[in-house]
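In case you want the letters, here they are:
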Amino acid sequence: MTGEIMTGNEAIARGAFEAGVTVGTAYPGTPSTEILESLARYPGIECNWSANEKVALEVAIGASLEGARVLAAMKHVGVNVAADPLLTLSYIGVGGGLVLVSADDPGMHSSQNEQDNRHYARFAKIPLLEPSDSQEAKNFVIAAMDISEEYDTPVMLRTTTRISHSRTVVKLGERTTTGNRKYQKKPAKHVMLPGFARQRHPFVEKRLLALANEAEKSPFNRIETGTSNEIGIICSGIVYQYVKEAFPSFPVLKLGFTFPLPVKLIEKFCSEVEKILVIEELDPFMAEQIKAHGIRISGYSLFAPIGELSPEIIHDRISRFQKNVNPASAEAPPEKTIPQRPPILCPGCSHRGIFYTLKKLKLRIVGDIGCYTLAALYPLQAMDTCVCMGASIGMALGMEKANPRTSMQTVAVIGDSTFLHSGITPLIDAVYNDSSITVIILDNSTTGMTGHQEHPGTGTTLQGKKNKAVNIAALCRGLGIERVVETDTSDLDTLRRIIEKEVASRELSVIVYRRPCILKSRTSSDPLHIDPEKCNGCKACLQPGCPSIRFLDGKALIDPGTCTGCGLCRQLCKRDAIGIRKKGGNRGHEKD
Ligand code: SF4
Ligand code: SF4
């Protein structure tokens, strides 16, 4: 048996491969994205990006009922999108094993909230597994497939960013090819009409009891004895690693099968130690259930339900607890001493000019999820709102409903991938409800934020096959929208005229602004240069916030190592100080 160093995401993919999974579905979202990218490299597995997480899970359900073992992966907020089919899937059960990976993001490294998705497993009444390293990530996927089929249930595997992206050694095994289970037509099980659904709910409750017994004997839950029985710690996931680092000699109940909880095992552990601490990242998911079973917990509020934990934080809180010092439970984790580097739009971002123009026009900018959300930050500060995938168009519509005059001052901005994810539905609503808002679809021909994944508008599948591409402008026209403007101009004056005209119109309009992501298209030209003799230090070129320009000794300066030569800053300089460097000299510019 060979070993390999793998991230948690790669290990999940490996586990799916070894478990005989033949279908994988997902919508990209950090920290889950690499699961499907890794899975797609294994032979014999049909993998696809779906338009959104709800669709991904629905495709997974269909494949499972057809008898295939299937893995669906998404980030935590993606499960919100997939929640509708998920809660009924719990009633339907599975054909082939179905595992849903929820990759949570404590600390919000790249997310709009830090919800704790363990609640979803409880909400949907399905089993929950939480690996603590890459080896467990692989093993748990394989076990989850068996649990899924044995108990006729989807299984949730919950990881967090630290598990998804950190690397540990994984022992590799062989692929088991179980073959598709036989498709069975069972309307009473698969058609959730009220009459049938009522019959399935008791099954779900009974299944939970059986799963609780399974958790009691699961090898994923184990007691590790310590050198003293003064304090015992109950934990799961990455927190287990932090605890072992901070207090290696403490007795620990390490839980991997965390819903339903193994209550008898917890009681046994608690009877062996004097004080019990349940350490959890984010919500007191296990602690509340343990308390509800009448089990005494010490220091219930030692850890705030905010942000990521670390060995340092755990060491600090428990040390203070041991000294009987008030641990200041409502505090967020202490500030890190390393300087913060705020994220920023890339140098040469092909969409920086549009946000600069929207800001100059003093429009209300209803934004959406994507890398362009970074336009909300200093110095552009060109975004009023951003809530969730696909929310911009519906929110602009709501503003117009509340105050019809807002449509003349408002634009909804959304990326191509996000539009196809969940922007189409509110746009249909806008057509139907006679809206006159202006929607700008920033089409950079990729899913930029998560690392350039393909989507239905690019015409290339996850596994590299060229397919039909959805034509976004034609789609909008097909919805009945008459004002659909397509442009790829980088000329700021032209852009300004187009936006002014569409915002002033009393009809619903869509501007499809098609300029490829600078990182993906790699069409950068020679870097530009600022002639210090011409530059008067007016700082006009700094306003769009390109990180390639800085200010030194009263003059602007371009970093040739990062400048892509996009020319945006050049359009803003009234003194013609920006151009291509003259050959053989440091001052002045070539004519171009
Ligand atoms: S040309 Fe100007 S705006 Fe474009 S990347 Fe270079 S410095 Fe930035
Ligand atoms: S806009 Fe032109 S003159 Fe003004 S700081 Fe920038 S390079 Fe200098």
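In this numbering scheme, every chain counts its residues from 1 along its sequence in written order. As they are written, the chains are lettered A onward and the ligands numbered 1 onward, keeping that order. Local features in this predicted model are restricted to residues whose pLDDT is 70 or higher, and side-chain atom pairs enter the listing and the counts only when it is 80 or higher, whereas totals over whole chains, interfaces and linings include all residues. The side-chain values count all of the structure's non-hydrogen atoms but skip hydrogen atoms and water molecules.

## Considering the packing of helix α10 (residues 237–246) against helix α13 (residues 311–322)
Angles here are taken between N-to-C directions and fall from 0 to 180 degrees, while the axes themselves are lines fitted to C-alpha atoms, restricted in helices to the stretch in contact. Think of it this way: any DSSP run of H or I at least four residues long counts as a helix, any run of E at least two long counts as a strand, and we number them from the N terminus. Two numbers describe how α10 lies on α13: the axes approach to 8 Å, and their chain directions differ by 60°. With respect to each other, α10 and α13 are oriented oblique. Handedness of the crossing formed by α10 with α13: right-handed. On the side of α10, the interface is formed by Val239, Tyr242, Val243, Glu245 and Ala246, while α13 contributes Pro311, Ile314 and His315. Taken together, the residues of the contact of α10 with α13 sort by class into 6 nonpolar, 1 polar and 1 charged. By definition in this entry, angles of less than 35 degrees are roughly parallel, angles greater than 145 are roughly antiparallel, angles of 65 to 115 are roughly perpendicular, and the rest are oblique. Left-handed describes a crossing whose near helix is turned anticlockwise from the far helix by less than a right angle; the clockwise case is right-handed. In what follows, a contact means two residues having at least one pair of non-hydrogen atoms within 4.5 Å. Lys, Arg, Asp and Glu make up the charged group, whereas Ala, Val, Leu, Ile, Met, Phe, Trp, Tyr, Cys and Pro make up the nonpolar group; the residues left over, Gly among them, are polar.

## Regarding unusual backbone geometry
Of note, the amide linkage connecting Thr30 to Pro31 takes the cis form, showing an omega dihedral of 15°. Tracing the chain through its elements places Pro31 in the loop between β2 (23–26) and α2 (34–39). Residue Tyr378 is joined to Pro379 through a cis peptide bond whose omega torsion reads 5°. Along the chain, Pro379 turns up in the loop between β14 (364–366) and α15 (391–402).

## What to know about the side chain of Thr446
Looking at the element boundaries, Thr446 is found in the loop between β16 (438–443) and α17 (472–478). Dropping the residues within four chain positions of it, Thr446 is found in contact with Asp416, Ser417, His452, Gln453, His455, Thr458, Cys517 and Lys520.

## Describing the environment of Ser407
You can see Ser407 is positioned in the loop between α15 and β15 (410–415). Exposure categories follow from relative accessible area, calculated using a 1.4 Å probe and restricted to protein chains: below 20% of the type maximum is buried, above 50% is exposed, and the middle band is partly exposed. Taking the relative accessible area as the measure of exposure, Ser407 reaches 3% and is therefore buried. For the pair Ser407 and Ser319, spaced 88 residues apart in sequence, the C-alpha to C-alpha distance is 57 Å. Once residues within four sequence positions are removed from consideration, Ser407 is found in contact with Glu400, Ser436, Ile437 and Val503. In terms of polar contacts, Ser407 uses its side chain to reach the backbone carbonyl oxygen of Pro404, at 3.3 Å. Pairs of N or O atoms within 3.5 Å make up the polar contacts considered here, provided that, within protein, one atom can donate a hydrogen while the other can accept it, and that residues adjacent in sequence are counted only when both atoms are side-chain atoms.

## What about the sheet that holds strand β13 (residues 275–278)?
Strands pair, by our definition, only if DSSP identifies at least two bridges between them. The 4 strands lie next to each other as β9-β11-β10-β13, forming an open sheet whose pairing is mixed. The open sheet terminates on both sides in strands that have one partner only, identified here as β9 (222–224) and β13. Averaged over all neighbouring strand pairs, the angle between strand axes comes to 20°, with direction disregarded. Pairing geometry for β9 and strand β11 (residues 252–255), over 3 bridges, is antiparallel. Bridging across to β11, Glu224 finds its partner in Val252. Across the sheet, α13 lies against β10 (231–236) and β13, angled at about 155° from β10, the strand it touches most.

## Structural notes on the sheet that holds strand β12 (residues 257–259)
An order of β3-β2-β4-β5-β7-β6-β12 is seen for the 7 strands of this open sheet, with the pairing classed as mixed. With one partner strand each, in any of the chains shown, β3 (46–49) and β12 form the two edges of the open sheet.

## Let's talk about the pattern of salt bridges
Every case where a carboxyl oxygen of Asp or Glu lies within 4 Å of a side-chain nitrogen of Lys or Arg is listed as a salt bridge. Under the definition given, this model contains 30 salt bridges. Between Asp316 and Arg317 there is a salt bridge, and its shortest N-O distance comes to 3.0 Å. You can call Asp316 partly exposed: its relative accessible area is 32%. A network of salt bridges, in which partner residues are shared, links Asp104, Asp116, Arg118, Glu130, Arg158 and Glu280.

## A closer look at the site of ligand 2
Whether a residue is near a molecule or strand depends on its heavy atoms: it is near if one of them lies within 4 Å of it. Close to ligand 2 lie Ile530, Cys535, Asn536, Gly537, Cys538, Lys539, Ala540, Cys541, Ala556, Cys573 and Ile578, which account for all nearby residues. Split into classes, the residues belonging to the shell around ligand 2 amount to 8 nonpolar, 2 polar and 1 charged.

## As for the site of ligand 1
Lining the immediate surroundings of ligand 1 are 13 residues, of which Cys546, Cys563, Cys566, Gly567 and Cys569 lie closest. Residue composition of the shell around ligand 1, by class: 8 nonpolar, 5 polar and no charged.

## Some words on helix α1 (residues 8–18)
Extensive coverage of α1 is indicated by the burial of 10 of its 11 residues. Among all positions of α1, only Gly8, Asn9, Ala11, Ile12, Ala13, Arg14, Gly15, Ala16, Phe17 and Glu18 are buried. Looking one or two residues beyond α1, the residue adopting positive phi is Gly20, at roughly 85°.

## Brief notes about the packing of aromatic side chains
Only Phe, Tyr and Trp rings take part, Trp by its six-membered ring, and two of them pair if their centres are within 6.5 Å. Stacked means planes under 30 degrees apart, edge-to-face means over 60, and tilted covers everything else. Across all of its chains, the model carries 5 aromatic pairs by this definition. Seen in terms of ring centroids, Phe247 and Phe250 are 4.5 Å apart; in terms of plane orientation they differ by 25°. Their pairing is stacked. Assessed through its relative accessible area of 12%, Phe250 is described here as buried. The rule is short: NZ of Lys or CZ of Arg within 6 Å of the ring centre and within 35 degrees of the ring normal puts a charge over the ring. The aromatic ring of Phe203 is capped on one face by Arg200, whose charged end is 4.1 Å from the ring centroid. Above the face of the Phe551 ring, Lys539 is positioned so that its terminal group lies 4.6 Å from the ring centre.

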